[in-house]
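Overview (structure and organization)
Single-letter residue listing:
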Amino acid sequence: MKLVHTTARIAARAGLALALGLGAHVAHAQADYPNHKVRVIAPQGAGGGVDVVGRLLMEQLSKRLGQSFYIENQGGAGGIIGASDTARAAPDGYTLMIAYVATHGTNPAVRKTPYDPVKSFTPIAMIGGTANMLLVGPNLGVKTLKEFVDYARQNPDKLSYGTSGNGTLNHLAMEEFKHAADFNDLSVPYKSMSEALTDVIGGRVQTVFPGVAAGLPTVKSGRVIPLAVTGEKRQAVLPDVPTFQELGYPSMQALTWYGVVGPARMPQAVTDKLNATVNDVLKSPDFRQKLAQLGIDPMPMSPAQFGDYIAKEVRTWTQVAHDSKISID
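From a predicted model like this one, the values you see are computed outputs, not experimental measurements.

Brief notes about the side chain of Thr113
When you line up the elements, Thr113 lands in the loop between helix H4 (102–110) and strand S4 (121–131). For Thr113, a relative accessible area of 19% corresponds to the buried category. Leaving out residues up to four positions away in the same chain, Thr113 has contacts with Ile80, Asn107 and Pro108.

As structure tokens, then:
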């Protein structure tokens, strides 16, 4: 009996030592993070907004954390391919992703995705967002949002709007406004926002709802008229264009946003270190200026705040899709 007890004590001590050893190893690995290069998936092709924002930020993380944070483009299916790869990766902090409104907002609202936008990821840090704006062609004869809504209500069969595809943010944002203002407007999907803008100028569709960065060159050229922007404040690049909120539509807050996520169950110490570093980058005047040139406002958040933001985005666009009977599947 004494031998059994002694053997049990030895085994227990060995198990405790092993657990302590593993715990110390994990703690050291987290404190030492990153100790080799970090893959950052951009779920969009090269040159898109996700890619551009991601490369700007990763350049700064590489400098501040002393390891290479490199972008790997995985375009396709509106970001679903890259997001799915991220969700399947080891949660060790060495595979991250530039999440955006499509992967963690509009896509899950209109189609079945092979990942859960909340449960399959660790929210790390918000980068920032750019407002969307309602544009009309010069031949429509309206110059204010009120004039547009009045026209739309009086001419329910004469309006159509261009989108960059079914279920995209510019599609759902316009549907949200239609419900808020109580008018009809036919959706016409295009392969890209640039094609939709071309047809607004040509009068083949009457309205379009692009992000500020995408629509700004056309506005500056005078070929379209901006009526309102989403968000809580006016845009510095369009100071004379009011917000929807100013004009009586407080629900119109749609943003094209970008953030950093990783696979679910990442170590808290790694998540916190990355969050603190990203938020420090967002304080840099030089980095803020680069974002401003893209029409993006920095939006620093804690991991918990970013997680809440993602969950709210999914709820918002799921409700809009439901109300508008929009489903890609």
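After that view of the structure, there is still more to cover.
With respect to the pairing of strand S6 (residues 160–163)
Residues Ser160 and Gly162 point to one face of S6 and Tyr161 and Thr163 to the other, with burial holding for every one of them. As judged from the 4 bridges shared by S6 and strand S7 (residues 186–189), these two strands associate in the parallel manner. Within the sheet, the bridge partner assigned to Thr163 lies in S7 and is Pro189. Handedness of the crossover joining S6 and S7 through helix H6 (residues 169–181): right-handed. As defined by bridge partners, S6 adjoins strand S8 (residues 207–208) across 2 bridges and the pair is classed as parallel. Following the sheet pairing, Gly162 is matched in S8 by Val208.

Observations regarding helix H7 (residues 193–202)
Turning to H7, its buried residues are Met193, Ala196, Leu197, Asp199 and Val200. Looking straight down H7, one finds its buried side chains confined to an arc of 165 degrees; they lie on one side. If you follow the buried residues of H7, they end up packed against strand S5 (133–136), S6, H6, S8 and helix H8 (212–220). One or two residues past the end of H7 sits Gly203, with phi positive at roughly 85 degrees.

As for the sheet that holds S7
Spatially, the 5 strands line up as an open sheet ordered S7-S6-S8-S5-S9, and their pairing is mixed. At either end of the open sheet lies a strand with only one pairing partner, and these are S7 and strand S9 (225–229).

Thoughts on the pattern of salt bridges
The final tally for this structure, using the stated rule, is 10 salt bridges. The residue Glu72 makes a salt bridge to Arg39 at a minimum N-O spacing of 3.1 Å. Of this pair, Glu72 sits in strand S2 (residues 69–73) while Arg39 sits in strand S1 (residues 38–42); the two residues are 33 residues apart in sequence, bridging distant segments of the chain. The partner of Lys63 in a salt bridge is Glu59, with the nearest N and O atoms 3.8 Å apart. Taken together, the positions of Lys63 and Glu59, both in helix H2 (residues 49–65) and 4 residues apart, correspond to about one turn of that helix.

Some thoughts on the sheet that holds strand S3 (residues 95–100)
Within the open sheet, the 6 strands sit side by side as S2-S1-S3-S10-S4-S11. Their pairing is mixed. Only two strands of the sheet have a single partner each, and these edge strands are S2 and strand S11 (297–298). The pairing of S4 with S11 spans 2 bridges and is classified as antiparallel. Paired with Gly128 across the strands is Pro298, a residue of S11.

Observations regarding the environment of Gly211
Checked against the element boundaries, Gly211 lands in the loop between S8 and H8. For Gly211, a relative accessible area of 14% gives the class buried. A sequence separation of 18 residues divides Gly211 from Met193, and the C-alpha atoms of the two residues are 9.3 Å apart. Every residue in contact with Gly211, bar those within four places of it in the chain, is listed here: Ala131, Asn132 and Met133.

Some thoughts on unusual backbone geometry
Across the junction of Tyr33 and Pro34, the peptide omega takes the value -10 degrees, indicating a cis bond. Turning to its location among the elements, Pro34 is positioned in the loop between helix H1 (2–31) and S1. A positive phi angle, near 60 degrees, is found at Asp182, a position not held by glycine. Among the secondary structure elements, Asp182 is positioned in the loop between H6 and S7. Although it is not a glycine, Lys325 sits at a positive phi angle of roughly 55 degrees. Along the chain, Lys325 falls in the segment after helix H11 (303–324).

Points about the domain arrangement of the chain
Parsing the chain into structural domains produces domain 1 (38–130 + 255–324) and domain 2 (133–247). A C-alpha centroid distance of 27 Å is found between domain 1 and domain 2. Across the boundary between the two partners, domain 1 contributes 15 residues, which contact 13 residues of domain 2. Summing both sides of the interface, domain 1 and domain 2 together bury roughly 1200 Å²; the carbon and sulfur share of this comes to 64%.

Criteria and cut-off values
- Throughout, residues of each chain are indexed from 1 in the direction in which the sequence is written.
- With pLDDT at 70 or above as the cut-off, local features in this predicted model cover only qualifying residues; side-chain atom pairs require 80 or more to be listed or tallied, and sums for whole chains, interfaces and linings still use all residues.
- Values reported for side chains reflect all heavy atoms of the structure, with hydrogen atoms and water molecules removed beforehand.
- Each helix corresponds to a stretch of at least 4 residues labelled H or I by DSSP, and each strand to a stretch of at least 2 residues labelled E; elements are numbered beginning at the N terminus.
- Three exposure classes are used, based on accessible area relative to the maximum for each residue type with a 1.4 Å probe and protein chains only: buried under 20%, partly exposed in between, and exposed over 50%.
- Contacts between residues were defined by any pair of non-hydrogen atoms, one from each residue, lying within 4.5 Å.
- At least two bridges found by DSSP between two strands is the condition for calling them paired.
- Call a crossover right-handed when, viewed with both strands pointing away from you, the route from the first strand across the helix to the second goes clockwise.
- Note that the arc is computed from the directions linking the helix axis to the C-beta atoms.
- Here, a salt bridge means any Lys or Arg side-chain nitrogen found within 4 Å of an Asp or Glu carboxyl oxygen.
- These domain limits were set by an automatic method or by a database of domain assignments.
- Buried area: the accessible area, evaluated with a 1.4 Å probe, that two parts lose upon being put together, summed over both parts.

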